[in-house]
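# What the coordinates show
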Amino acid sequence: MCGVSSRRKADELIKSGHVKINGRVEAELGRTVDTDRDMIEVQGRVIEPEVKRYLILNKPKLYLTALGEGQDEKRTIEELIRDIPQRVYPVGRLDYDVEGLIILTNDGELANRVLHPRYEIKKVYRAIVKKPIDDSTLEMMKKGALLEDGPAKPDSIKVIKRGKDSTTVEICFHEGRNHLVKRFFYSFDNPVRQLKRISIGPVSLGGLPRGKWRSLAESEIKNLYEATGA
Ligand code: URA
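### What to know about the site of the ligand
- For the ligand, the full set of nearby residues is L94, D95, V98, Y125, H179, L180, V181, K182 and L195.
- L180 has a polar backbone atom sitting 3.5 Å from an oxygen atom of the ligand.
- K182 is positioned such that a nitrogen or oxygen atom in its backbone is 3.0 Å from an oxygen atom of the ligand.
- Protein coverage of the free-state accessible area of the ligand, which is 240 Å², stands at 96%.
- Among the cavities detected, the one that contains the ligand is the second largest pocket.
- Per-element accounting of the shell around the ligand gives the leading share, three residues, to helix α4 (residues 180-186).
- In terms of residue class, the shell around the ligand is built from six nonpolar, one polar and two charged.

### Section: the pattern of salt bridges
- A full pass over the atoms with the stated rule returns 16 salt bridges.
- Among the ionic pairs, D189 bridges to K131, the shortest N-O distance being 3.1 Å. Here D189 is found in the loop between α4 and β13 (192-200), whereas its partner K131 is found in the loop between β8 (123-129) and α3 (135-143), with 58 residues between them in sequence.
- You can call K131 partly exposed: its relative accessible area is 34%.

### Concerning the packing of aromatic side chains
- In the structure shown here, the tally under the stated rule is three aromatic pairs.
- Measuring from ring centre to ring centre gives 5.4 Å for F184 and F185, while their planes differ by 85 degrees; the resulting arrangement is edge-to-face.
- Overall, F184 belongs to the buried group, its relative accessible area being 0%.
- On the basis of relative accessibility, which here comes to 0%, the residue F185 falls in the buried class.
- Through pairs of rings, three or more aromatic residues link up here, namely F173, F184, F185 and F188.
- Its end group placed over the ring of Y96, K74 keeps NZ or CZ at 4.7 Å from the ring centre.

### Notes on the layout of surface pockets
- Quantified by volume, the largest pocket comes out at close to 1,300 Å³.
- The wall of the largest pocket is formed by 38 residues, among which M1, C2, S5, R7 and A10 lie closest to the centre.
- When contributions to the lining of the largest pocket are tallied by element, the ones reaching two or more residues are α1 (7-15), β1 (19-21), β3 (40-42), β6 (89-90) and α2 (108-115).
- Considered class by class, the residues forming the lining of the largest pocket number 19 nonpolar, ten polar and nine charged.
- Considered as a void within the structure, the second largest pocket measures approximately 370 Å³ in volume.
- If you trace the second largest pocket, you find 22 residues lining it, with R93, Y125, G176, R177 and R197 closest to the centre.
- Taken together, the elements giving at least two residues each to the lining of the second largest pocket come down to α2, β8, α4 and β13.
- Here the lining of the second largest pocket is composed, by residue class, of eleven nonpolar, four polar and seven charged.

Rules used in this analysis
Residues numbered from 1 in each chain as written. Predicted model: local features only at pLDDT ≥ 70, side-chain atom pairs only at ≥ 80, totals over all residues. Heavy atoms only, no water. Near = heavy atom within 4 Å. Polar contact = N/O pair within 3.5 Å; in protein donor to acceptor, adjacent residues only side chain to side chain. Areas by Shrake-Rupley, 256 points an atom, 1.4 Å probe, with all protein chains shown as cover. 1 Å grid on protein atoms, 1.4 Å probe; cavity = no way out; pocket = protein on both sides within 12 Å on 5 of 7 lines; lining within 4 Å. Sits in = over half its atoms within 2 Å of the grid points. Helix = DSSP H or I, 4+ residues; strand = E, 2+ residues; numbered from the N terminus. Nonpolar A, V, L, I, M, F, W, Y, C, P; charged D, E, K, R; others polar. Salt bridge = Lys/Arg side-chain N within 4 Å of Asp/Glu carboxyl O. Buried < 20%, exposed > 50% of the residue type's maximum accessible area, 1.4 Å probe, protein only. Phe/Tyr/Trp six-rings, centres within 6.5 Å; stacked < 30°, edge-to-face > 60°. Lys NZ or Arg CZ within 6 Å of the ring centre and 35° of its normal. Points joined across faces, edges and corners; volume = space filled by probe spheres on them.

The analysis is restricted to geometry; functional conclusions fall outside its scope.
Written out as structure tokens, the structure reads:
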């Protein structure tokens, strides 16, 4: 909780005598401390629990989902969240040319839960594809596609709008393989022209303007945890 190490590494630090509670080495695992009253030192440094932050960002296109310097002079989402004092990390990635919802947090436990397919957190995307989708193709899409790294079956897919030379589709997956949505439509010979993620589990982008972030409400954090069975 203090951003010092992983849980397992913390056990090792304790067992090897690198942790002091109120000035005395504590090499036993499982001691309960009161973080308001007890002083905890790790390798001589006093540590404090980090404030947990949870926010969502509406990533614009042409930003890398990365922190720090981007490659090849590409901008990163870091410049959109500069005003946050805690170091928060993106939960999963969106491609450079994809926009929409990204959750950022320093709560590693929640991040893992949201990303792991086991918890089946559904990510909904709005895709504009280049060609029409007739009803029989839509039925085939519902059954899934065989991609080079295995089968991909959407949790749901529906056509939102049929345009003259494009189709708007809402598609939902509970996994996050690389370029999954693009590869899915490509396998039906219908490339994606525009892609936007609009929700992750119970959290929706709503009217958040492009390039802006907001903190999640307590209820959204609770709902996210609950959605992962916690
Ligand atoms: N699917 C994609 O193809 N790209 C993304 O960024 C997310 C899902």
